[in-house]
Every structure is written in structure tokens, then in C-alpha cells.
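# Per-entry structural report
Read off the chains here:
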Amino acid sequence: MIDRRHEGVSGHHLDIVELDDSGADVVVHGDNGVLVDGVPHSTGARLRWKAGETMVLGASMSEHPVCTLLLARTEAR
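Predicted, not measured: the structure shown is a model, and the values here were computed from it.

Calculation notes
Residues numbered from 1 in each chain as written. Predicted model: local features only at pLDDT ≥ 70, side-chain atom pairs only at ≥ 80, totals over all residues. Heavy atoms only, no water. Core = buried A, V, L, I, M, F, W, Y, C linked by side-chain atoms within 4.5 Å. Buried < 20%, exposed > 50% of the residue type's maximum accessible area, 1.4 Å probe, protein only. Helix = DSSP H or I, 4+ residues; strand = E, 2+ residues; numbered from the N terminus. Contact = heavy atoms within 4.5 Å. Pairing = 2+ DSSP bridges. Axes fitted to C-alpha atoms, helices over the stretch in contact; angles between N-to-C directions. pLDDT = per-residue confidence, 0-100.

### Brief notes about the nonpolar core
Core analysis: the largest hydrophobic core is formed by 13 residues, its most contacted members being Val26, Val34, Leu47, Trp49 and Met55. Elements supplying a minimum of two residues to this core: strand E2 (23-28), strand E3 (34-36), strand E5 (46-50) and strand E6 (54-57). Per-element tally for this core: the top contributor is E2, with three residues. In contact with tryptophan 49, other than residues within four places in its own chain, are Ile16, Ser22, Gly23, Ala24, Val26, Val36, Thr54, Met55, Leu69, Leu70 and Leu71.

Here it is in C-alpha cells:
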């Protein structure tokens, strides 16, 4: 869930359509797209977000703080 501090990020900015040990398949819905490790992906893009990569939402909206997400795996207990 994205908090209200990130007004430039929609409540449905992306869908994670599949998740496995190596990463996630994502569909972008947000008007301003996303950056994954600095590479832009626009609305409608389907991409593979790999474990260890950083995704930035709202990067093109300078008047709002960006939302940065890191896809990480947790170790099994």
C-alpha cells in the first residue's frame, strides 16, 4: 500500500500478475509509468521486475515525492 504522502502515485499504479523466486511479472497502469533501475516503462508496459531491482513510481512528477520500491526475497525460517 502506498501512503498519502505520495500523491503522484495512483492507487492502482501497477499489477503484479505473477510472482516467483526470481521476480515478478508486472503490468504498469499509472499515467506517469515507472522506472526500474533507471529504465523507464510507460503505461501499458509489461515487464519483468527481478529480485534486487529498484522500482520508482511518480518519478516524472517533481512536485511530489517519489515512491521507491525494492523487490527483495525473505529467507525461509
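### Points about the sheet that holds E2
A sheet is described by the order of its strands in space; here three strands give the open sequence E1-E2-E5, paired in antiparallel fashion. Of all strands in the sheet, those bounded by a partner on one side alone are strand E1 (14-20) and E5. Pairwise comparison of adjacent strand axes, ignoring direction, gives a mean angle of 25 degrees for this sheet. Bridge count between E1 and E2: six bridges; the pairing is antiparallel. Looking across to E2, one finds that aspartate 15 is bridged to valine 27.

### Observations concerning the environment of histidine 13
Looking at where histidine 13 falls in the secondary structure, it is placed in the segment before E1. Along the chain, histidine 13 and histidine 29 lie 16 residues apart, while their C-alpha atoms are 4.9 Å from each other. For histidine 13, the contacting residues outside a window of four places in its chain are Val28, His29, Gly30, Asn32, Gly33, Val34, Leu57 and Gly58.

### Describing the confidence of the model for the chain
When pLDDT is averaged along the chain, the result is 80, and 73% of the positions lie at 70 or above. Within the chain, the element-level pLDDT minimum falls on strand E7 (residues 67-70), averaging 84, and the maximum on E5, averaging 96.

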